[in-house]
Amino acid sequence: QSVLTQPPSASGTPGQRVTISCSGSSSNIGRNTINWYQQLPGTAPKLLIYSDNHRPSGVPDRFSGSKSGTSTSLAISGLQSEDEADYYCAAWDDSLNGYVFGTGTKVTVL
Amino acid sequence: EVQLLESGGGLVQPGGSLRLSCAASGFIFSDYPMSWVRQAPGKGLEWVSGISDSGDDTYYADSAKGRFTISRDNSKNTLYLQMNSLRAEDTAVYYCAKEMWRGWSGAFDIWGQGTMVTVSS
């Protein structure tokens, strides 16, 4: 059972803004940087956001990350059909001495 | 082209063993920590184990401690995961993943295509 909690689903119409939350604790989000991954159906995960709010080369600026205390969020602005995927937050957990992923959020474009 | 290619997956009986391999190319393998991440059918991602660039430091999820061993051969640009005492709940696609930086960040910028491990009698 993951220590990072995400809503199981989120949805929006094309062009809308969707936000996905990720809640953790002082041993993970509260102390360490956050990364976000996108997983399209049937494919390997892809790094979407690193170090809380940075985008790797090639990731559209429609994707943004933020963090406050022991919670973090991923925002997708100008939602597009190709954004339909599963999204996972992730962080190192000092108590577990290991890396933890969030429970995952399935984004549907209506 | 930067690439990771896993192999070694398959069907194994409960209690059995399997060794996964991950062949790296297109980057200086010995410069980067590496990890194994798995995904059970229809489930989310679970980090399994990580190893430093030199191989001197290793980390395991509680689910893997005492049963799995991560290792690497930098001369062969290959990452390994030895899995013993396998259980049905170990059934998953296993991905190898490369750290984005030369240190630990958990930002995995390159992933393999995955190899399926099925534990069943």
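Residues numbered from 1 in each chain as written. Chains lettered and ligands numbered in written order. Predicted model: local features only at pLDDT ≥ 70, side-chain atom pairs only at ≥ 80, totals over all residues. Heavy atoms only, no water.

## Digging into unusual backbone geometry
Residue and element names in this part refer to chain B.
- Look at Asn77: it is not a glycine, yet its phi comes out positive at around 55°.
- Mapped onto the elements, Asn77 comes out in the loop between β7 (68-73) and β8 (78-83).
- Even without a glycine there, the phi angle at Ser85 is positive, about 50°.
- Within the fold, Ser85 resides in the loop between β8 and β9 (92-99). (Helix = DSSP H or I, 4+ residues; strand = E, 2+ residues; numbered from the N terminus.)

## Looking at the nonpolar core
- With 26 residues, the main nonpolar core has Trp36(B), Phe68(B), Leu79(B), Leu81(B), Met83(B) and Tyr94(B) as its most contacted residues.
- Contact partners of Tyr94(B), with chain neighbours within four places excluded, come to Glu6(B), Leu20(B), Trp36(B), Val37(B), Arg38(B), Val48(B), Phe68(B), Leu81(B), Met83(B), Gly114(B), Thr115(B) and Val117(B).
- Residues Val18(A), Trp36(A), Val107(A) and Val109(A) belong to the second largest nonpolar core, which totals 22 residues. (Core = buried A, V, L, I, M, F, W, Y, C linked by side-chain atoms within 4.5 Å. Buried < 20%, exposed > 50% of the residue type's maximum accessible area, 1.4 Å probe, protein only. Contact = heavy atoms within 4.5 Å.)

## Considerations on the environment of Lys98(B)
Residues and elements named next belong to chain B.
- Its location among the elements puts Lys98 in strand β9.
- Sequence-wise, Lys98 and Gly112 are 14 residues apart; in three dimensions their C-alpha atoms are separated by 8.9 Å.
- Apart from residues no more than four positions distant in its own chain, Lys98 is found in contact with Leu4, Phe27, Tyr32, Pro33, Met34, Ala107, Phe108, Asp109 and Ile110.

## Describing the state of the cysteines
- Going through the model one piece at a time under the given rule, you end up with two disulfides over all chains.
- Paired by a disulfide, Cys22(A) and Cys89(A) hold their sulfur atoms 2.0 Å apart. Taking the torsion about the sulfur-sulfur bond, which here is approximately 70°, the covalent link between Cys22(A) and Cys89(A) counts as right-handed. One end of the pair, Cys22(A), is in strand β2 (residues 18-23); the other, Cys89(A), is in strand β7 (residues 85-93), with 67 residues separating them in the sequence.
- According to the relative accessible area criterion, Cys89(A) is buried, its value standing at 0%.
- A sulfur-sulfur distance of 2.0 Å marks the disulfide that ties Cys22(B) to Cys96(B). Since a negative S-S torsion denotes a left-handed disulfide, the Cys22(B)-Cys96(B) link at about 60° is right-handed. Highlighted residues: Cys22(B) in strand β3 (residues 18-25) and Cys96(B) in strand β9, separated in sequence by 74 residues. (Disulfide = S-S within 2.5 Å.)

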